[in-house]
Amino acid sequence: MKNIFIIRIIVDVVIAFAVIQGWWFIALPLGLIGCWSFPYYVEIFIAGIAYDSLFGMIPEIGYRGYLGIIVSVTGLILVAWSKKIVRR
């Protein structure tokens, strides 16, 4: 049980580092793997908000400023849905 928490913390740190550096293409797959591997993994949603806060939310770019949140919520829903189907 302790190993699971350590792995989850390591994945969270890597996602946080990737979001701060602007590497959404690295943070998103790690977050989706985390959603699949760990129960109640909402850190990808938090990463999407952080990414948009750092690099988006500029009025001139419109909806593209919210793509981090949109993609993270969509991914979280798809992974949760597929987990229910696969684990039946």
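As the structure is a computational prediction, the values presented were derived from the model and not from experiment.

S.K.: Got a sec to walk through unusual backbone geometry? Specific residues and values, please.
M.R.: Positive phi, close to 55°, is recorded for Tyr40, a residue that is not glycine. Looking at where Tyr40 falls in the secondary structure, it is placed in the loop between helix H2 (24–37) and helix H3 (43–55). Judged by its relative accessible area of 77%, Tyr40 is exposed.

S.K.: Before we move on, can you summarise the packing of aromatic side chains with the specific residues and values?
M.R.: Here the structure, examined in full by the defined rule, presents three aromatic pairs. Between Phe17 and Trp23, the ring centres sit 5.7 Å apart and the planes meet at 80°, which makes this aromatic pair edge-to-face. Ring geometry for Phe38 and Tyr41: centres 5.8 Å apart, planes at 35°, overall tilted. The class for Phe38 is buried, based on a relative accessible area of 9%.

S.K.: Outline helix H1 (residues 2–21), supporting the account with residue identities and numerical values.
M.R.: With 20 residues, H1 ought to run about 28 Å at 1.5 Å a step, and its terminal C-alpha atoms sit 29 Å apart, in line with that. Residues Arg8, Val11, Ile15, Ala18 and Val19 constitute the buried set of H1. Burial along H1 is one-sided: seen end-on, the buried residues are contained in an arc of 95°. Exposed side of H1, more than 90 degrees from the buried face: Lys2, Asn3, Ile9, Ile10, Val13 and Ile20 are the residues found there. Looking one or two places after H1, you find Gly22, whose phi comes out positive at around 90°.

S.K.: Tell me about a nonpolar patch on the surface, and please be specific about residues and values.
M.R.: Among the surface-exposed residues, Trp36, Leu78, Trp81, Ile85 and Val86 lie close enough to one another that they form a single nonpolar patch of about 520 Å² accessible area. Considering every element that reaches the nonpolar patch, the biggest residue donor is helix H4 (residues 67–86), with four residues. Looking at the element boundaries, Trp36 is found in helix H2.

S.K.: Can you break down H4 residue by residue, with the values?
M.R.: For H4, built from 20 residues, the straight-helix expectation of 28 Å at 1.5 Å per residue is met to within 8% by its first-to-last C-alpha distance of 28 Å. Where H4 is buried, its residues touch H2 and H3.

Criteria and thresholds
Residues numbered from 1 in each chain as written. Predicted model: local features only at pLDDT ≥ 70, side-chain atom pairs only at ≥ 80, totals over all residues. Heavy atoms only, no water. Helix = DSSP H or I, 4+ residues; strand = E, 2+ residues; numbered from the N terminus. Buried < 20%, exposed > 50% of the residue type's maximum accessible area, 1.4 Å probe, protein only. Phe/Tyr/Trp six-rings, centres within 6.5 Å; stacked < 30°, edge-to-face > 60°. Expected span 1.5 Å × (residues − 1). Arc of directions from axis to C-beta. Patch = residues over 30% accessible without salt bridge, like charges linked within 9 Å, V, L, I, M, F, W, Y side chains within 5 Å. Areas by Shrake-Rupley, 256 points an atom, 1.4 Å probe, with all protein chains shown as cover. Salt bridge = Lys/Arg side-chain N within 4 Å of Asp/Glu carboxyl O. Contact = heavy atoms within 4.5 Å.

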